[in-house]
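# Examining the three-dimensional arrangement
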Amino acid sequence: MTAYIIRRILYTVPIVFGVLLLTFVLFTLVGGDISIEIAGKGATQETIDEIREEYGLNKPLFLSWDSQFVNHFKNALTFNFGRARDREPVIDKIKRGVGPSLALTVPMFFGVVIISVSLSLIIAFVHGTVWDILVVVICVAGMSIPYLSFILFGQYFLAYRWGLFPVFFSPELTMAQYVALPVLIGIAAGIGGNLRFFRTVMLDEMRSDYVRTAFAKGLTVRRVLFKHVLKNAMIPIITRVVLAIPFLFLGSLLLERFFGIPGLGYLMVEAINSRDYFVISAMTYISAILFVVFNLITDICYSLVDPRISLE
Amino acid sequence: MSESQQLIKTEPPKGTSLWKDGFRRLRRRRLAMLCLGVLTLYFLLAGFIYLAEFFDWRIGPTLWAEQAGQSYAPPSSKNIFGTDIFGQSVLRKTLYGTKISITVALCASLISIVIGVPLGAVAGYFRGFVDEIIVWIYSTLSSVPYILLILAFAVVLRDKTFFGYKLTGITAVYLAIGLTSWVGICRLIRGEVIKHKDREYIVAAISYGCSRRRIIFGHLLPNVFHLVIIDFSLRFVAFIHAEVILSFLGLGEAERPSWGAMINDARIELSRGVWWQMAAATVAIFFLSLALNIFGDALRDSLDPKLRIQ
């Protein structure tokens, strides 16, 4: 058991190394020297040199203890990501953005999961009828509408036209006020794919032998669904939920952009527009670390619950 | 008596190949064939625009830059989807956007198949050190959220020059999508190859003295290739949507119209009540994705009824 956990933790080391290598290759080797871009047009050579000095771009790439390669690793492992274009440390920006992002994504995600799991149970109940087909048609149609259209039309009709919600974020609004509409839109957009996934899970379970046995014993449909099917279907559901948690920290790029919510998605869009490699690199690294850590926790939890699991 | 003789004389039934069998099953589904028709229309339109541009034909979609009416003219019999801020026909722009979207999705699919399939096959067949390296690469890539990874690649690759070739607009977009999306197919092929490599036909091929290259590319890959097609018929939708999001964020095609750029324009226009540009782009994307979703599912059920890809 302990050996498994230690091996599983050691297994994350190459992944973290890989992510650091990826961000280094992408943003330093391919991205290249951005000091001229930071300095702006018509900057003197002195300014450019100063910027190079500050970001360490004048150091050798490899093969030195003070090379950019080594410094990239050192900085990332100590969560020191330098300063963004507006001179604020990147890590402060990220810390500030986590709150609003989570306020948006957590209710959205759990709303989607709860609604689609309950709906999929109802579908398992009416499987094969017109209702079932109707729901599948609506799901596929919902999956085909672009996310952007959901957001734009939702914002236009619900907030702008009918005035049910505030159109944009503003500091005097409470969190519930400015988050309500984006959450609603996110749920509407996300339900199609999720409902279809959970429907497949439920119907797979419905075909199992134990369900036939339960019906044969004379149990009521409700009892079979809630006591037997739901319990067994929980495994794929929980896996999906746990693996989605690290992505919640990232916020929603598009929703935050449209509603002006100052979260991490908004930070990312700003960074893309100003080509701020430091912010994008830091976001890539942090989200990968979160993913690796949550994966680790999930695997360890599984091994605690299920003694059959072992690492090859 | 004659009947039984006839029965004996008739030739044994011909076996059908996997592909023939799959397409026979597929042809029975009316809805799937309808979707295939819709998809063919989209692809033909994209190909037709390429031809028209090459030969300089002056027809609707290639004349998108011309003024077709006043600024923000609402939909009418002259301009079915109205006009945008410059008086350009929204219908023409939407038709032209088909070319951009289809090109990006096709090139991205090709890139990811070319990278993912051989890597997956090699990893699954040789195992050992090679396998570990390939698994390490794709585990690393898949630990970064998909959309963030595409964005990071697109931001860095945009306007860079490689070997004297500048990556403008859509080239950077399909490179970014292609270079990040091979992970799924690589994992799938690796798993299948591991399953297949101890089967009799591979053992037989080894006993004939086939080279390893021949076993992988001549025997193993043809037997798992239907998975690639199924996977990509479903993944194509994701590529189309990714292109729209990248164009919307200003990382896509800058000079020519694309659906994402149209939606970006519509963001400001909607508050003035100009909904037609938004509606045209949404309708175009909707029917393409719907057809792809339904056709992809039908294709999966026909070619491999046991398989389930979420």
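Remember, predicted model here, so these are calculated numbers, not experimental data.

With that settled, consider the nonpolar core. Nonpolar side chains tend toward joint burial in soluble globular proteins. Ala-154, Val-173 and Ile-263 of chain B are the most contacted members of the largest nonpolar core, which has 153 residues in total. Here this core takes 16 residues from helix H9 (residues 212–248) of chain B, the largest share from any one element. Discounting residues that sit within four places of it in the chain, Ile-263 of chain B has contacts with Leu-148 and Leu-152 of chain A together with Val-244, Phe-248, Met-278 and Ala-281 of chain B.

Looking now at the environment of Val-117 of chain B. All names here are of chain B. Here Val-117 is to be found in helix H4 (residues 90–126). Spatially, the C-alpha atoms of Val-117 and Leu-227 are 10 Å apart, while their sequence positions differ by 110 residues. Leaving out residues up to four positions away in the same chain, Val-117 has contacts with Ile-185, Ile-189, Leu-221 and Val-228.

Okay, H4 of chain B next. All names here are of chain B. In this model H4 runs 53 Å from its N-terminal to its C-terminal C-alpha over 37 residues, within 8% of the 54 Å that 1.5 Å per residue would give. Among the 37 residues that make up H4, 26 are buried, leaving the element largely enclosed by the rest of the structure. The positive-phi residue at the C-terminal boundary of H4 is Arg-127, with phi of around 50°.

Notably, Arg-275 of chain A is not glycine yet its phi reads approximately 50°, a positive angle. On the neighbour-count criterion, Arg-275 of chain A (17 C-beta atoms within 10 Å) is partly exposed. In this structure, Arg-127 of chain B takes a positive phi of about 50° despite not being glycine. On the secondary structure map, Arg-127 of chain B appears in the loop between H4 and helix H5 (128–142).

Let us look at the interface of chain B and chain A. Each partner contributes to the interface: chain B provides 35 residues, whereas chain A provides 36 residues. Among the elements of the structure, H5, helix H6 (146–157), H9, helix H10 (259–269) and helix H11 (276–303) of chain B are those that each provide at least two residues to the side of chain B that touches chain A. Per-element accounting of the side of chain B that touches chain A gives the leading share, eight residues, to H11 of chain B. Per-class residue counts for the side of chain B that touches chain A are 23 nonpolar, ten polar and two charged.

Compared with an ideal rise of 1.5 Å per residue, which puts 29 residues at 42 Å, helix H1 (residues 2–30) of chain A spans 42 Å between its outermost C-alpha atoms and is within 8% of the ideal. For H1 of chain A, the set of buried residues is Ile-15, Val-19, Leu-20, Leu-22, Thr-23, Phe-24, Leu-26, Phe-27 and Thr-28 of chain A. Buried-residue contacts for H1 of chain A involve helix H4 (68–77) and helix H13 (277–305) of chain A together with H5 and H6 of chain B. Count one or two residues on from H1 of chain A and you reach Gly-32 of chain A, which has phi positive near 80°.

Thresholds, definitions, all that
Residue numbers run consecutively from 1 along every chain, following the written order of its sequence. To label them, take the chains in the order written and letter them from A, then take the ligands in the order written and number them from 1. Note on the predicted model: pLDDT of at least 70 is required for a residue's local features to be given, and 80 or more for side-chain atom pairs to be given and counted; whole-chain, interface and lining totals, by contrast, use all residues. To count as a nonpolar core, a set of buried Ala, Val, Leu, Ile, Met, Phe, Trp, Tyr and Cys residues must be joined through C-beta atoms within 7 Å. Buried, partly exposed and exposed are defined by the number of other C-beta atoms within 10 Å of a residue's own C-beta, namely 20 or more, between the two limits, and 12 or fewer respectively, with C-beta atoms placed from the backbone. A run of H or I in DSSP counts as a helix once it spans at least four residues, and a run of E counts as a strand once it spans at least two, with each numbered from the N terminus. We call two residues in contact when the distance between their C-beta atoms, placed using the backbone, is within 7 Å. By this rule, a helix spans an expected 1.5 Å times one less than how many residues it contains. Note that Gly is not counted as nonpolar here; it falls among the polar residues with everything else outside the nonpolar set of Ala, Val, Leu, Ile, Met, Phe, Trp, Tyr, Cys and Pro and the charged set of Asp, Glu, Lys and Arg.

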